[in-house]
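# Coordinates in review
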Amino acid sequence: MAPSPAYLIRTERLVLRCYSPELAPLRQAAVAATREALLPWFTWAKDEPRPVAEHLQLVRQLRGKFDLDQNRIHAVLDGEQRELVGELALLARGEERARELGYWVHSRHTGKGVATEMVSALVRVGFELDGLERMDIQVAVGNEASAAVARRLGFTLEGTLRQRARGDGGPAEDTWYFSLLASEYPKSPAARVPVKAYDFGGVLLPGLV
């Protein structure tokens with residue numbers, strides 16, 4: 001039987017959780033506030049701000065894929081779960097034991113180590129609970145902030161993918177391709193980030209130390 005995915009993950013400052021309806025207004029507010037910073041890297045940002053009803057429909061779609069253990073999109077919240085401070089994706093990319101990470105952070109929370117902390121949490125879950133063999137990060141050439149997170153956590157830059165199609169339907173672009181292997185993971189700073197993970201029923205998942 002496949003291991004239960006983590007529906008809620010806690011770090012020292014953050015809560016990562018599967019989307020649910022009450023988070024739609026928080027997502028709308030965060031995306032609207034961060035629109036200008038998102039526009040160069042995410043095609044979907046051009047349609048923001050959108051009504052809460054549209055975010056609610058999106059949240060429903062994201063939850064469905066999460067429950068099917070396809071793409072897992074996590075809402076990243078402050079410790080009190082009052083504000084969405086970012087979003088973190090664990091994307092299925094064809095290979096059974098490999099996943100791709102994607103992320104963005106609310107403009108008000110950049111420069112505080114939020115991206116590093118939330119990505120570290122999902123790296124730990126991916127390798128220690130999901131048993132992945134490789135995790136990838138694709139970053140548009142020029143997105144230095146996102147690339148810095150990958151480098152900080154020990155991901156290796158394999159090269160530049162030239163004029164590759166974007167997952168969000170935007171125009172093709174040059175992309176930096178980073179990877180971290182399970183054999184390399186123990187030396188990553190992510191392996192030392194305190195993390196607790198819980199299953200669908202709220203039961204603490206074993207395996208993280």
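A few points on the structure. Just so it is clear, the structure is predicted and the values come from calculations on it, not from any experiment.

In terms of burial, strand 4 (residues 84-92) is a largely internal element, 8 of the 9 residues being buried. In the sheet, strand 3 (residues 72-78) pairs with strand 4 via 6 bridges, with the strands oriented antiparallel. Bridging across to strand 4, Val76 finds its partner in Gly86. Following strand 3, the chain reverses through 5 residues before pairing antiparallel with strand 4; Gln81 in that reversal takes a positive phi of roughly 60°. Bridging between strand 4 and strand 5 (residues 98-105) involves 7 bridges; their strand directions are antiparallel. Bridge pairing in strand 5 links Glu87 to Trp104.

A cis amide bond links Glu48 to the next residue, Pro49, at an omega of 0°. Backbone geometry places Asp69, a non-glycine residue, at a positive phi of 55°. The residue Asp69 is located in the loop between helix 2 (52-67) and strand 3 in this model. One non-glycine residue, Gln163, lies in positive phi territory at about 50°. Topologically, Gln163 is positioned in strand 7 (residues 156-164).

This brings us to the pattern of salt bridges. For side chains bearing opposite charge, pairing can occur when the charged atoms are close. Evaluation of the coordinates by the stated rule reveals 15 salt bridges. With a closest N to O distance of 3.4 Å, Asp47 and Lys46 form a salt bridge. In this structure Asp47 comes out as partly exposed when scored by relative accessible area, which is 44%. With a closest N to O distance of 2.6 Å, Glu83 and Arg108 form a salt bridge. One end of the pair, Glu83, is in the loop between strand 3 and strand 4; the other, Arg108, is in the loop between strand 5 and helix 3 (114-129), and 25 residues separate them in sequence. Overlapping salt bridges, with partners in common, bring together Asp69, Arg72, Arg99 and Asp130 in one network.

If you look at the biggest cluster of nonpolar residues, it comprises 41 residues, and the most contacted ones within it are Leu101, Met118, Val123 and Phe155. Once you skip the residues sitting within four places of it in the chain, Phe155 turns out to touch Leu101, Val123, Met135, Asp136, Ile137, Ala150, Phe178, Ser179 and Leu180. Counting 17 residues, the second-largest nonpolar core is a separate cluster that includes Ala24, Ala30, Ala75 and Leu77.

With mixed pairing, 9 strands are arranged side by side in an open sheet as 7-8-6-5-4-3-2-1-9. Sheet topology places strand 7 and strand 9 (196-198) at the edges, where each strand pairs with a single neighbour. Across this sheet, the average inter-strand angle for adjacent strands is 25°, counted without regard to direction. Where helix 1 (residues 24-38) meets the sheet, its contacts fall on strand 3, strand 4 and strand 5, and the angle it forms with strand 5 comes to roughly 85°. Lying over the sheet, helix 4 (residues 144-152) contacts strand 5, strand 6 (134-140), strand 7 and strand 8 (173-181), oriented at roughly 15° with respect to strand 8.

A few words now on helix 4. Taken together, the buried positions of helix 4 are occupied by Ser146, Ala147, Val149 and Ala150. Along the axis of helix 4, the buried residues cluster in a sector spanning 150°; they form a single face. On the buried face of helix 4, the contacting elements are strand 5, helix 3, strand 6 and strand 8. Where helix 4 terminates, the next one or two residues include Gly154, which has phi positive at roughly 90°.

Structurally, Leu90 is set in strand 4. Owing to a relative accessible area of 0%, Leu90 belongs among the buried residues under this scheme. Apart from the residues within four sequence positions on either side, Leu90 is in contact with Gln70, Asn71, Arg72, Arg99, Glu100, Leu101, Leu122, Asp130 and Met135.

Definitions and limits used
- Residues numbered from 1 in each chain as written.
- Predicted model: local features only at pLDDT ≥ 70, side-chain atom pairs only at ≥ 80, totals over all residues.
- Heavy atoms only, no water.
- Buried < 20%, exposed > 50% of the residue type's maximum accessible area, 1.4 Å probe, protein only.
- Helix = DSSP H or I, 4+ residues; strand = E, 2+ residues; numbered from the N terminus.
- Pairing = 2+ DSSP bridges.
- Salt bridge = Lys/Arg side-chain N within 4 Å of Asp/Glu carboxyl O.
- Core = buried A, V, L, I, M, F, W, Y, C linked by side-chain atoms within 4.5 Å.
- Contact = heavy atoms within 4.5 Å.
- Axes fitted to C-alpha atoms, helices over the stretch in contact; angles between N-to-C directions.
- Arc of directions from axis to C-beta.

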